[in-house]
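Geometric and topological summary
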Amino acid sequence: MELSTSVQKNYAGKIIAITCLLSLLYAVLRYHIVGPVPWKDFPFLILNKGISLAAFILLTFNFSLGPLKNLGVKVSEGWLNSRQVLGMTGFLLILIHALISFMIFKPEIFGKFFEENGSLTLYAGISMLGGILSFVVLWAYNLAFKTTLKEDQKFIGFITSRRFLLIAMLFSMAHLFFMGYEGWLNPSGWNGGLPPISLVAFTFFVVGYIINLFGRK
Ligand code: HEM
């Protein structure tokens, strides 16, 4: 019997490397180089911003390349074959983001999220709930591809259905919108005129959402 030796084209490594590099460079540029954040905060605070942006972009690629192809756009095989790795990497980066965020989530660091008495503001509460729900949905989505659950077609069908995905994506929208919209509306306050990372990620989200709305079967 002849073994197939054909190698599938897969650009995942390159896409991940370039996305992480550009996201980190943007975070460094916006917060350290043209912004006021001291370099000592790079390893946690600013790295977290870069990681969350990279994760968001990778996840948007993962969800949107198939629907984009359905819309008639020519998406190369190398990009399509990369989807699963992009999704898993995005999820792992989000895990790092969540762990770092849990550790630094304090009024001293994120004053705008807290009332004077130390409780969360309404919008911060909605934003964090959105982040946590979005994280859990991504987890369920990853689980849906694990072999042990393959038998449960109902579960897989539900988690990967168009309607579920379109609703689930709104959780990450809430995470970004309620965290950042006040700053988005004040361009004069942007470091070096560069838009906040939450707005950059949100823009990716809107494009990805529209592609999914029309292109997902
Ligand atoms: C357990 C779940 C999560 C928690 C506790 C959490 C927490 C946070 C916090 C505290 C921030 C503000 C960070 C900062 O401004 O430096 C943030 C920002 C952000 N999060 Fe999350 N998050 C979670 C899940 C997610 C998920 C699932 C996504 C993507 C799908 C995500 C994407 C982002 C992005 C892109 C930013 C913007 C960074 C910025 O503007 O600085 N997060 N998150």
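Being a predicted model, the structure only gives us computed values, none of them experimental.

Rules used throughout
Residues numbered from 1 in each chain as written. Predicted model: local features only at pLDDT ≥ 70, side-chain atom pairs only at ≥ 80, totals over all residues. Heavy atoms only, no water. Near = heavy atom within 4 Å. Polar contact = N/O pair within 3.5 Å; in protein donor to acceptor, adjacent residues only side chain to side chain. Helix = DSSP H or I, 4+ residues; strand = E, 2+ residues; numbered from the N terminus. Nonpolar A, V, L, I, M, F, W, Y, C, P; charged D, E, K, R; others polar. Contact = heavy atoms within 4.5 Å. Expected span 1.5 Å × (residues − 1). Buried < 20%, exposed > 50% of the residue type's maximum accessible area, 1.4 Å probe, protein only. Core = buried A, V, L, I, M, F, W, Y, C linked by side-chain atoms within 4.5 Å.

**A look at the site of the ligand**
Looking at the ligand, there are 22 residues lining it, with Lys-49, His-97, Ser-134, His-175 and Ser-198 nearest. The side chain of Lys-49 places a nitrogen or oxygen atom 2.9 Å from an oxygen atom of the ligand. In the model, a nitrogen atom of the ligand is placed 2.8 Å from a nitrogen or oxygen of the His-97 side chain. Where the shell around the ligand is concerned, the elements lending two or more residues are α2 (42-70), α4 (83-104), α5 (122-143), α7 (162-184) and α8 (197-215). Grouping the constituent residues of the shell around the ligand by class yields 13 nonpolar, eight polar and one charged.

**Describing the environment of Arg-162**
The residue Arg-162 is located in helix α7 in this model. In sequence terms Arg-162 and Lys-217 are 55 residues apart; their C-alpha atoms lie 6.6 Å from each other. In this view, Arg-162 contacts Asn-212, Leu-213, Arg-216 and Lys-217; residues no more than four positions away in its chain are not counted.

**Here we look at helix α1 (residues 12-33)**
In this model, α1 (22 residues) spans 30 Å end to end at C-alpha, consistent with the 32 Å of a helix rising 1.5 Å per residue. Three or more residues of α1 are buried, namely Ala-12, Ile-15, Ile-16, Thr-19, Ser-23, Tyr-26, Ala-27, Val-28, Arg-30, Tyr-31 and His-32. Contacts made by the buried residues of α1 are with α2, α3 (77-80), α4 and α8.

**Here we look at the nonpolar core**
Judged by nonpolar contacts, the single largest core of 29 residues is most densely connected at Tyr-26, Leu-45, Ile-46, Leu-53, Phe-110, Ile-197 and Phe-205. Every element with two or more residues in this core is listed here: α1, α2, α4, α7 and α8. If you tally residues by element for this core, the top one is α8, at seven residues. Residues Leu-59, Phe-135, Tyr-141 and Phe-164 belong to the second largest nonpolar core, which totals 24 residues.

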